[in-house]
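Coordinate analysis (summary)
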Amino acid sequence: MAKYRYLIIGGGMTGDAAAHGIRKHDATGSIGLVGAELHAPYNRPPLSKGLWKGDAEDSIWRKSGDTGVEHHLGRHAVRLDPGARRVTDDQGGVYEYETLLLATGGTPRKLPGAPDGLIYFRTLDDYRRSRQLADRKARFVVIGGGFIGSEVAAALRMQECAVTMIVPQDGLGARVFPADLSRYLVDYYRQEGVTMLMGESVVRVEAAGGGYRVHTKGSGVIAADAVVAGLGIELNVELARQAGLTVPDGIAVDEYLRTSQPSIYAAGDVASFPNPALRKRIRVEHEDNANTMGDVAGQNMAGAGLPYRHLPFFYSDLFKLGYEAVGEVDARHETVADWREPMKEGVVYYLEAGRVRGVLLWNTWDQVDAARALIATPGPFRAADLKGRLPAPK
Ligand SMILES: Cc1cc2nc3c(=O)[nH]c(=O)nc-3n(C[C@H](O)[C@H](O)[C@H](O)COP(=O)(O)OP(=O)(O)OC[C@H]3O[C@@H](n4cnc5c(N)ncnc54)[C@H](O)[C@@H]3O)c2cc1C
């Protein structure tokens, strides 16, 4: 049996950030990390961006060795006994802890009834498989027009692969972008050579001759060498549920990132936390949150007592377009667009009852803090108040 002052479940970016956070206050306390993947912690965003633009694969590794953490990799924690402060993994390994962090993130949602071999793009291994196929100039079908589908389709097309996207909505990123921008992106992807099947859905996928036949509702059957699906994630909350923690949408934590059991913390994609700027509980599946919340959780495990008040931002690259965004960037809100050049450069504000809830900075840089300040301002704002508001003068 291994005994740790600090035990972290999950070897993603959040788990690694927490180990570094712990070391800001405790130089020597033992840290153990149980991670289901065989790899030490690495950055996920480059898997769909930088690694396709020439960055070396080695550049993704995080400096987890610096913390002296002991990794137990390729192991899935399957039982948590908060009374005994004990975790058991799927190979019979037992770990005792004084303070525990759940940083278990999410697992890609699967396409029901699909054969083996589809790429549900989340891990380094998924990147490596896609890369091998792309190097052979495989024909890809990409299912889903959210963050992962859009980024991976662009990355594959930039390798000159034939790419067909199948997207149930009429636009790309339809849950996030205003309708005109979302539809513009469809034309933009077509110009870049991606075949776009919009308002389309997959009926069934069958394995055929070393590749796949993708049956669609309205566009017939598409032959592909590889299928990538970006259908969102299911949260890894089984351990938390089994231990009796409060799990509404994600594992509920307070502002110090403690769960309903004071010796257990949670952070990253899996955690639902109160956010003062938005005045509600939120859950965020983005890098800035994984890094910042993981760091604060680690510091608090070591006794820092810091409230987590950060409003995380996120970003993406789509061919030559790029953006940063902060707050509730949700297409269901009223939107006010302030374009410097339509669909190419500008700012979109997302409003609810006159308050700015989110800001999309489209090819507009260094404005995340100014956007955060706007979200924190009570308003009310009218469209005319927002025109020309950002970029803020430096
Ligand atoms: C391809 C890709 C590109 C992205 N690009 C961007 C981007 O451009 N911008 C942005 O803001 N965000 C981006 N994201 C999102 C960002 O990477 C995630 O928000 C972040 O990785 C979440 O980190 P996490 O550690 O909380 O969870 P995860 O990354 O899900 O890590 C959790 C880890 O815990 C392990 N685990 C789960 N359950 C157990 C268990 N019971 N026992 C042991 N181990 C377990 C999992 O195997 C996994 O390794 C991207 C994500 C992906 C996949």
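Check the entry above for the structure.
Residues numbered from 1 in each chain as written. Predicted model: local features only at pLDDT ≥ 70, side-chain atom pairs only at ≥ 80, totals over all residues. Heavy atoms only, no water.

1. With respect to the site of the ligand
- As a structural note, the neighbourhood of the ligand is formed by 34 residues, with Thr14, Glu37, Arg44, Lys49 and Asp269 the closest of them.
- In the model, an oxygen atom of the ligand is placed 2.3 Å from a nitrogen or oxygen of the Lys49 side chain.
- Separating an oxygen atom of the ligand from a backbone N or O atom of His286 is a distance of 3.1 Å.
- About the coverage of the ligand: the protein hides 95% of its 990 Å² of free accessible area.
- Counting residues per element, the ones that place at least two in the shell around the ligand are α1 (13–23), β2 (31–35), α3 (147–158), α6 (287–301) and β21 (313–318). (Near = heavy atom within 4 Å. Polar contact = N/O pair within 3.5 Å; in protein donor to acceptor, adjacent residues only side chain to side chain. Areas by Shrake-Rupley, 256 points an atom, 1.4 Å probe, with all protein chains shown as cover. Helix = DSSP H or I, 4+ residues; strand = E, 2+ residues; numbered from the N terminus.)

2. Some points on the sheet that holds strand β20 (residues 280–282)
- One open sheet holds the three strands; their spatial order is β17-β19-β20, and the pairing between them is mixed. Each edge of the sheet is formed by a strand with only one pairing partner; in this case those strands are β17 (251–252) and β20.
- Direction of pairing for β17 relative to strand β19 (residues 271–275): parallel, over a ladder of two bridges. Among the inter-strand pairings, Ile251 is bridged to a residue of β19, identified as Ala271. (Pairing = 2+ DSSP bridges.)

3. Concerning the sheet that holds strand β22 (residues 321–327)
- Taken in spatial order, the five strands line up as β21-β22-β25-β24-β23 in an open sheet, and their pairing is antiparallel. The sheet is open, and its two borders are formed by β21 and β23 (334–341), each paired with just one other strand. Across the sheet, the mean angle from the axis of one strand to that of its neighbour is 15°, orientation sign disregarded.
- Sheet topology note: the strand β24 (residues 345–352)/strand β25 (residues 355–362) ladder contains seven bridges and is antiparallel. Note that in β25 the partner of Val347 across the bridge is Leu361.
- Contacts between α3 and the sheet are confined to β21 and β22, with β21 contributing the most and set at about 35° to the helix.
- Each of β21, β22, β24 and β25 touches helix α7 (residues 368–376); the most contacted strand, β25, lies at about 165° to it. (Axes fitted to C-alpha atoms, helices over the stretch in contact; angles between N-to-C directions. Contact = heavy atoms within 4.5 Å.)

4. Considering the pairing of strand β1 (residues 2–9)
- In terms of burial, β1 is largely enclosed, as six of its eight residues are buried.
- Where β1 and strand β6 (residues 94–102) come together, seven bridges link them in parallel fashion. Paired with Lys3 across the bridge in β6 is Glu96.
- Here β1 runs beside β2; their pairing, made up of four bridges, is parallel. Its bridge partner lying in β2, Ile9 is registered against Val34. (Buried < 20%, exposed > 50% of the residue type's maximum accessible area, 1.4 Å probe, protein only.)

5. Quick word on the environment of Thr164
- In this structure, Thr164 sits in strand β10 (residues 163–167).
- For Thr164, a relative accessible area of 13% gives the class buried.
- Sequence separation of Thr164 and Val214 is 50 residues, and the distance between their C-alpha atoms is 11 Å.
- In contact with Thr164, other than residues within four places in its own chain, are Phe140, Val141, Val142, Thr195, Leu197 and Ile222.

6. Some remarks on α3
- Between its terminal C-alpha atoms α3 stretches 17 Å, which fits the 16 Å expected from twelve residues at 1.5 Å a residue.
- Considered for burial, the residues of α3 that qualify are Gly149, Ser150, Glu151, Val152, Ala153, Ala154, Ala155 and Leu156.
- Buried-residue contacts for α3 involve α2 (124–135), β9 (140–143), β10, α4 (179–191), β15 (226–229) and β21.
- Note on α3: the residue one or two positions beyond its end, Glu160, has a positive phi of about 65°. (Expected span 1.5 Å × (residues − 1).)

7. Thoughts on the packing of aromatic side chains
- Within this structure, the stated rule accounts for 13 aromatic pairs.
- On the basis of an interplanar angle of 90° and a centroid distance of 5.5 Å, the ring pair of Phe147 and Phe314 is categorised as edge-to-face. In this pair, Phe147 sits in helix α3 while Phe314 sits in strand β21, placing the two residues 167 residues apart along the sequence.
- Ring plane angle 80° and centroid distance 6.0 Å describe the contact between Tyr188 and Phe319, whose orientation is recorded as edge-to-face. Of the two residues, Tyr188 is situated in helix α4 and Phe319 in the loop between β21 and β22; the sequence distance between them amounts to 131 residues.
- With a relative accessible area of 9%, Tyr188 lands in the buried category. (Phe/Tyr/Trp six-rings, centres within 6.5 Å; stacked < 30°, edge-to-face > 60°.)

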